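For reference, the chains in residue letters:
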Amino acid sequence: MAMHIGTESEDDIMSTINTTPLVDVMLVLLIIFLITIPVVTTSIQVNLPQEKNQVRQTLPENLIISVNKSGQIFLYDTPMKDAADLRERLKKFSVLQPQPEVHIRGDAQSDFAAVGQVMNAVQRAGIAKVGFITDPGN
């Protein structure tokens, strides 16, 4: 029996690239993608509603009612004592022909009860057209 001791082949620099780790990583990524793709795509077909933003012009005859963060009500820039005071002022506008639209601007952090009181006052004053002004965001 012959034994091979200390040859040049042990000290030679290996000039080939070892692709085994690369193939292992690629196979793991392929398995991950094959598992997660069915989760992302759903099989239930649903017709989602299409959002269409209609730009409305603010005309001078439109009434702007604002509710600030603390629940204070404003007709244009004039502060109102309460919803009853607002209702009395709106009765003057409800008899006009054509009847003006009411645009309500409610602070996002305000109490919704104040906005509800404004809506009730508008309805009891006899004004039919009511809209909300919102921030369209980005």
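Residues numbered from 1 in each chain as written. Predicted model: local features only at pLDDT ≥ 70, side-chain atom pairs only at ≥ 80, totals over all residues. Heavy atoms only, no water.

(A) Structural context of the environment of Gln 117. Among the structural elements, Gln 117 can be located in helix 4 (residues 112-125). Along the chain, Gln 117 and Leu 86 lie 31 residues apart, while their C-alpha atoms are 9.7 Å from each other. (Helix = DSSP H or I, 4+ residues; strand = E, 2+ residues; numbered from the N terminus.)

(B) Geometry of the packing of helix 3 (residues 83-94) against helix 4. At a minimum axis separation of 8 Å, helix 3 and helix 4 run at an interaxial angle of 35°. Where helix 3 crosses over helix 4, the handedness of that crossing is right-handed. On the side of helix 3, the interface is formed by Ala 83, Leu 86, Arg 87, Leu 90, Lys 91 and Ser 94, while helix 4 contributes Gln 117, Val 118, Ala 121, Val 122, Arg 124 and Ala 125. Tallied by class, residues from the contact of helix 3 with helix 4 come to seven nonpolar, two polar and three charged. (Axes fitted to C-alpha atoms, helices over the stretch in contact; angles between N-to-C directions. Left-handed = near helix turned anticlockwise from the far one by under 90°. Contact = heavy atoms within 4.5 Å. Nonpolar A, V, L, I, M, F, W, Y, C, P; charged D, E, K, R; others polar.)

(C) Looking closely at the sheet that holds strand 2 (residues 73-75). Taken in spatial order, the five strands of this open sheet run 3-2-1-4-5, and their pairing is mixed. Bordering the open sheet on either side are strand 3 (78-79) and strand 5 (130-132), each of which pairs with just one other strand. Judged from the three bridges that link them, strand 4 (residues 102-106) and strand 5 form a sheet pairing that is parallel. Following the sheet pairing, Val 102 is matched in strand 5 by Val 130. Across the face of the sheet, helix 3 comes into contact with strand 1 (63-67), strand 2 and strand 3 while running at roughly 20° to strand 2. (Pairing = 2+ DSSP bridges.)

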